[in-house]
Amino acid sequence: MRLKRVYFEDIRLFKTTASLVWTLLFLLLLFLVPFIFKTYYLSVVNLMCLNVIVALGLNILVGNTGQISLGHAGFVAIGAYTAAILLQAGVPFVFTLIIAGLVSCLVGAFLGLPSLRLEGPYLAIVTLGFGLAVMVIIGRMEMFGGRMGLMIPRIDLNWSGLSYDRTLYYVFIIITILMTILAHNIIHSKIGRAFQAIRDSDIAASVTGINLVHYKTLSFAVSAFFAGIGGALWALYLQFVTPGTFSLMMSVLFLATVVLGGLGSVTGSVLGGIVMTLLNLQLEKVVTVPLFGDLIVFLSDTIMNPSGIANIRWVLTGLILILIILYEPHGLNGIWLRIKRYWNLWPF
Amino acid sequence: MEILVVENIVKGFGGVTAVQDLSFAVSKGEIYSIIGPNGAGKSTVFNCINGLYRPDSGTISFGGRDITGLNPDKIATAGISRTFQNLELFSRMTTLQNLLLGRHVSTTYSIWQMLTFNFRNSKAAKQEILQREKAEDVIEFLELEPYRDRPVFSLPYGVQKLVELGRALAMEPDILLLDEPAAGLNHEERQDMIFWIQDIRNELGITIVVIEHNMQLVKDISDRVLAINFGQKLVEGSVEDVLRDQSVIRAYLGEPAL
C-alpha cells in the first residue's frame, strides 16, 4: 500500500508515477499519429479536439456548477465568427484564438446574469433562446455574410516545415492539452470547489462566504471561454462558417456529450468528446454490419419514412445514451474508474 | 462586551409577522440559547442575522458594525457562521471538501494564480496546503478522520451534523449560530454534541448562539436563555429563571384548564 506523506500529493497534476508514465506514453502516441494514419484520421482527431474543448467548458457549467445551457452553440458561433473576421483581417492566429475566447467569455458573463434569478427549466429556456437568437442574428447580418457565411483563410503554418494538415493537427492537440489542464486546475482549485458548492446548496454556499453573483457569472464566463476557443478552432477546421452549423442540435449534442462522458469530471469530458465524435461519424456505417444492419434497413423501410435510414445514427445515438445513463449514471468516466480499480487490484 | 446586538427587528411574510420588534444582545464568549415553541420565529431571527432574510425594520450590529441587510457572504466574511436545522451540506462532496469550503474566504489566491496551481512553490499550492492543514485541525478536533474522503450524503445523520458544525468552525468565526444542533440525534450523540459545544466555547473562545428544543441540552450549556413566542420576547435570563417562568410554561403547554 502506498501512503501519502505531504498534502501536496493531493494537489499535483500526476498523483502517481504510473499515471505520469501512462500520460507520457499517450502523448507519444498522439505525437506519432500523423506518421501512422492517413490525413482523414487527422481531421477526425481534430474534430474530437473541438468537441472535447467545448465539452470541458460545458461540464464546468453543468456538471460542476449545476446550471444548464441549451445555447452553447451560440458561444461556439460567437467564437467562430470572431475568429473568421479577425483571420480575414490578417490578425495572427494566437491573438485571434485568445480574442475569440474573450469575446465569447464576455457574452457568457452577461448571459450568466439571469442565472442569478433563474433555475432549472427556466434557465434552460433563457439559454435556449440565446442560442437560437445568436444563430438568427448572425444569419441576418451582412457583415457576417448572412446565410452564406464567411470563408476563412488558411493560417500560416509554414514555419513548422511539415505539411499543413499535420501542423494543424499538432496545433489542435497542443491547445486541447492546455485547455484540459486549465479545466483540471479550475475544478480542483478553490474556484471549482465554490462552483460545486453552489451546485449542492446555494444557501450553504452563501453562508460560507461564497459570493453567488460573482461565482455564477464566472462559471458562465469560463464555460463560454472554452466554447469560444472551440469555436475559433471550428472556424479553422471547417474553413468556412455558416449560421446553420451552430444549430440547436449542436447545443443538445454538447449537453449529451457531457452527460455521456460523466458530469463534473475532466476525464468524462475528454472521453465524452472522443466517443461522441466517433458515434457521429461512424454510426451511419451500422447498415453495413451483417444481420443487424439488414434488420435496421428492413425496419426503416417498413416503419420509418424514406429519410429514416439517413437519420438512423440519431436513433442509435439516442439508444446508446439511454443505455449508458441507465446502467452507468456516472457515464464513461464511471466505466473508466471501474476499469482502473480493476487493474489496480489485479490479479485478485 | 456585547458582540452581537439585535435591536427592534421586524420581519413579516405577507400577512404573517414572524418576528415582532425583537431585541437582544449577546456578550462575547457566552453561550446564548433561544427557545420557543414551533413557529415562534427562532429560525427567522437566525436568517435575519446571517443575511438570508432582510429585516423589514430594526438593526443588527456585530462587533460595533452595522450588518443589517448585507448579503450572506459579506456577513460570513465578517465572522458569523452558522449551521442549519435541516442540514445544508455540500452533499456530493467529501467531508474534507466541505471543510475546505469553510476555508473559502481565507483562501486567498486569484484566478490568475490558480493557473500555476500544480507547481509546489506557487502561491496557489502553498495556500491550498495551508488551508488543508487548517481543515485537518478541524477534522482532528471533531474526530472526523474515518470520514475524511467520503461523500457526505453517504454518512450517518449524526456525522453529517458534525460535518456541518466542522464547516462552520473551519471558518474560524467570532460567533457561531447553531440551529437545533441536537435535533435528530440519539441520546449518546446528543451528549457528545453538548461536549463539542462546550469545547468550542472553552477551547476556541467562540461565542455561541443556539436554538434548541431539547431542554436538557439548553440546561447543560446555556449561560443565558431567551424565550420567544409569536416573534416576541417573553423573557430573558438565566436557565432556571426562564424555564420556571409562567409565560414560558404557558407558551409551551397552553392555559391551565379550569
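Shown above is the structure to which this text applies.
Notes on the structure follow. (Residues numbered from 1 in each chain as written. Chains lettered and ligands numbered in written order. Predicted model: local features only at pLDDT ≥ 70, side-chain atom pairs only at ≥ 80, totals over all residues. Heavy atoms only, no water.)

### Focus: the pattern of salt bridges
Considering all chains together, one arrives at 17 salt bridges over all chains under this definition. Between A:D200 and A:R199 there is a salt bridge, and its shortest N-O distance comes to 3.0 Å. For the pair A:D200 and A:R199, one class covers both residues: buried. The partner of B:R224 in a salt bridge is B:E236, with the nearest N and O atoms 3.3 Å apart. You can see B:R224 sitting in strand β9 (residues 224-229) and its partner B:E236 sitting in strand β10 (residues 232-237), a full twelve residues away along the chain. A single salt-bridge network, built from bridges that share partners, covers A:D10, B:R132, B:E136 and B:R148. (Salt bridge = Lys/Arg side-chain N within 4 Å of Asp/Glu carboxyl O. Buried < 20%, exposed > 50% of the residue type's maximum accessible area, 1.4 Å probe, protein only. Helix = DSSP H or I, 4+ residues; strand = E, 2+ residues; numbered from the N terminus.)

### Description of the side chain of B:S247
Residues and elements named next belong to chain B. Mapped onto the secondary structure, S247 falls in helix α9 (residues 246-253). Within the local environment of S247, its side chain forms a polar contact with the side chain of D245, the two groups lying 2.5 Å apart. Discounting residues that sit within four places of it in the chain, S247 has contacts with L234 and V235. (Polar contact = N/O pair within 3.5 Å; in protein donor to acceptor, adjacent residues only side chain to side chain. Contact = heavy atoms within 4.5 Å.)

### Things to note about the environment of A:L106
For A:L106, the location among the structural elements is in helix α4 (residues 93-112). According to the relative accessible area criterion, A:L106 is exposed, its value standing at 57%.

### As for the sheet that holds strand β7 (residues 175-179) of chain B
Sheet strands line up and pair through hydrogen bonds in the backbone, either parallel or antiparallel. Residues and elements named next belong to chain B. A sheet is described by the order of its strands in space; here six strands give the open sequence β6-β7-β8-β3-β9-β10, paired in mixed fashion. Pairing within the sheet leaves two strands with one partner each, and these edge strands are β6 (80-82) and β10. The mean angle between the axes of side-by-side strands here comes to 20 degrees, regardless of whether they run parallel or antiparallel. Summarising the sheet, strand β3 (residues 31-35) and β9 pair through four bridges and their orientation is parallel. Pairing of I35 across the sheet is with A227, part of β9. Against the sheet, helix α5 (residues 157-170) contacts β6 and β7, and its axis sits at roughly 160 degrees relative to β7. Against the sheet, α9 makes contact with β3, β9 and β10, and its axis sits at roughly 130 degrees relative to β10, the strand it touches most. (Pairing = 2+ DSSP bridges. Axes fitted to C-alpha atoms, helices over the stretch in contact; angles between N-to-C directions.)

### As for the interface of chain A and chain B
Each partner contributes to the interface: chain A provides 34 residues, whereas chain B provides 36 residues. Both sides of the chain A and chain B interface together cover about 3300 Å² of buried area, and 64% of this is carbon and sulfur. Applying the counting criterion to the chain A and chain B interface returns three salt bridges. Close ionic contact of B:R132 with A:D10 constitutes a salt bridge, the shortest N to O distance being 2.7 Å. If you list the elements that add at least two residues to the side of chain A that touches chain B, you get α6 (164-188), α7 (190-200), α8 (202-207) and α9 (212-238) of chain A. By residue number, the principal contributor to the side of chain A that touches chain B is α7(A), which donates eight residues. Tallied by class, the residues present in the side of chain A that touches chain B amount to 18 nonpolar, ten polar and six charged. (Buried area = accessible area lost by both parts, 1.4 Å probe. Nonpolar A, V, L, I, M, F, W, Y, C, P; charged D, E, K, R; others polar.)

Treat this as a map of the structure, not an account of what it does.
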